[in-house]
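# Understanding the architecture of this molecule
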Amino acid sequence: MSWQESIDIARQVGLDVLQPTAAQLEHGLELHRDCLVAESYSLGVLAPVDGDAMARAMNAGAADAELQMLSESMRMTRWGSSVELRAEYQAAWEASGVDCAFQNAGEEGNDALRMLGRLAHYTHLTDHMRDFVTRAAFPDDVEQARAAGRRSIVQTCNGIPLAGEGLTVEADLRYVRLFFELGCRMMHLTYNRRNLIGDGCAEPGNAGLSDFGRAAVAELNRQGVIIDVAHSGWQTCLETARASSVPILSSHATCDALNHHHRAKPDDLMKAIAATGGTVGITNVPAFLGGSGCIDAMLDHLDHAIRVVGAEHVTIGTDRPYISVQAAAEAAKIPAGRRQRTRWDALWWENDPVQQGRWKQERMMQSTTWTNWPLFTVGLVQRGHSDDDIRAIIGGNILRVARDAYAAREI
């Protein structure tokens, strides 16, 4: 199957679920084209690995850490290595209509050296494809890139880089400024697990922020880095909202009132985030959405969040990337490796549908695929939301939060 066929099939699946009228479809697509579309979180567009190169590395005895870095580098950077891959990359962006993605460009955890990997990969990619996609270091860069006909990414990290020496609070947090200078503009406080900062969303203790965590919140505010509590425990989120002097956000989650899940947020917590001036981002992961897991379920969560906190505090943050149509064929070239232990940060509830992969073969999950972003806008039109509210939800709100965080920078 070609990439165009894959995109077209997913689009038709989405339309079959939504069943918009001709007028709704036309207006939604036109509005999507006219708006500056920015998503509050993204896994981006993943290239196929080079299966032969991976096989050679495995047969040469490469360590697990080498293979992980090699695989990540390929999936994030290979778009610039051939005309065919570049065409697929651009087609996926164009089908999505997304102008700016707040891009996961820093690995989960707090180890600074490990977190540098994705920042390096996306720097490399945008250096080689700068005529099409650029890194947005400042909020105004997003609008300038769109005006020039380019896409942009705002680099984010799924953790806060810590020195880990335990000498002083200031010393342990000194890498925050360094990563800001490298272009990181948003950081998770936690990722599922408990760390020095606070409890993650899947920790049963739900203990909230530590004293060190409060210092981390203050330092992120001071450095102009947006605080993301998408993977943080409920008490950690609440205490962060109270401690932060600037807007915070939950970049990609769902509404617990509709589907109880550790990656969801209850109504009172969404209100606390909104009270900072921040936003609640709704994701497109079927298991987190519950119900049908389709685009209609995603729109249900958007509707609920809008009712609870208002359209000015809601964004869309996808958590499923576009994956190259060549990915499976290249992966098949790689010899089966030895079984590895589950990563520490990969903590899920027992019988969680994400762990069990129950959603992977569902045809209807294609309705929320990344290239169907224009249908998210069409769906909001169907649900009766005003054009002004939709403009805010699909781009304006996250850029406002970014401007507020940067304006509060004290250095």
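So, here's what we can say about the structure. (Residues numbered from 1 in each chain as written. Predicted model: local features only at pLDDT ≥ 70, side-chain atom pairs only at ≥ 80, totals over all residues. Heavy atoms only, no water.)

Turning our eyes to something else, we now look at the side chain of Glu107. For Glu107, the location among the structural elements is in the loop between strand S3 (100-104) and helix H6 (112-128). On the accessibility criterion, Glu107 (4% relative accessible area) is buried. At a separation of 2.9 Å, a polar atom in the side chain of Glu107 contacts the side chain of Gln68. Look past the residues within four positions of Glu107 in its chain and what remains in contact with it is Gln68, Glu72, Arg114, Met115, Arg118, Asn158 and Arg343. (Helix = DSSP H or I, 4+ residues; strand = E, 2+ residues; numbered from the N terminus. Buried < 20%, exposed > 50% of the residue type's maximum accessible area, 1.4 Å probe, protein only. Polar contact = N/O pair within 3.5 Å; in protein donor to acceptor, adjacent residues only side chain to side chain. Contact = heavy atoms within 4.5 Å.)

Looking now at the nonpolar core. Counting residues in hydrophobic clusters, the biggest one holds 82 residues, and the most contacted among them are Trp79, Tyr89, Trp93, Ile160, Met187, Leu189 and Ile394. A total of nine residues in this core trace back to one element, the largest contributor, which is helix H14 (residues 295-309). Ignoring anything within four residues of it in the chain, the contact list for Leu189 reads Ile160, Asn195, Ile197, Leu209, Val217, Leu220, Ile227, Asp228, Val229, Ser232 and Thr240. (Core = buried A, V, L, I, M, F, W, Y, C linked by side-chain atoms within 4.5 Å.)

Before going further, it helps to spend a moment on the packing of aromatic side chains. Applying the stated criterion to the full structure yields seven aromatic pairs. Between Tyr89 and Phe132, the aromatic rings sit 6.0 Å apart at their centres with planes inclined by 65°, giving edge-to-face as the arrangement. With Tyr89 in helix H5 (residues 83-96) and Phe132 in the loop between H6 and strand S4 (133-135), this pair connects stretches of sequence that are 43 residues apart. The same class applies to Tyr89 and to Phe132, which are both buried. Over the face of the ring belonging to Phe180 we find Arg409, whose NZ or CZ atom lies 3.9 Å from the ring centre. (Phe/Tyr/Trp six-rings, centres within 6.5 Å; stacked < 30°, edge-to-face > 60°. Lys NZ or Arg CZ within 6 Å of the ring centre and 35° of its normal.)

With that out of the way, let us pick up the pairing of strand S6 (residues 184-188). The element S6 is extensively covered by neighbouring structure, given that five of its five residues are classed as buried. Of the strand pairs in this sheet, strand S5 (residues 151-157) and S6 are connected by three bridges, and their pairing is parallel. Bridged to Cys157 within S6 is Met187. Summarising the sheet, S6 and strand S7 (residues 226-228) pair through three bridges and their orientation is parallel. Paired with Met186 across the bridge in S7 is Ile226. In this fold, S6 hands off to helix H10 (residues 211-223), which returns the chain to S7; that crossover is right-handed. (Pairing = 2+ DSSP bridges. Right-handed = clockwise from strand over helix to strand, strands pointing away.)

This brings us to the pattern of salt bridges. Pairs may arise between side chains of opposite charge once their charged atoms sit close together. In this structure the tally under the stated criterion is 18 salt bridges. For Arg86, the salt bridge identified is with Asp131, shortest N-O distance 2.5 Å. On the criterion of sequence distance, the pair formed by Arg86 in helix H5 and Asp131 in the loop between H6 and S4 is long-range, its members being 45 residues apart. Since its relative accessible area comes to 53%, Asp131 is described here as exposed. Of the charged contacts, one joins Arg135 and Asp127 as a salt bridge, the two residues approaching to 3.4 Å between their closest N and O atoms. By relative accessible area, Arg135 is classed as partly exposed at 31%. Each of Asp52, Glu330 and Lys333 takes part in salt bridges that share partners, so that together they form one network. (Salt bridge = Lys/Arg side-chain N within 4 Å of Asp/Glu carboxyl O.)

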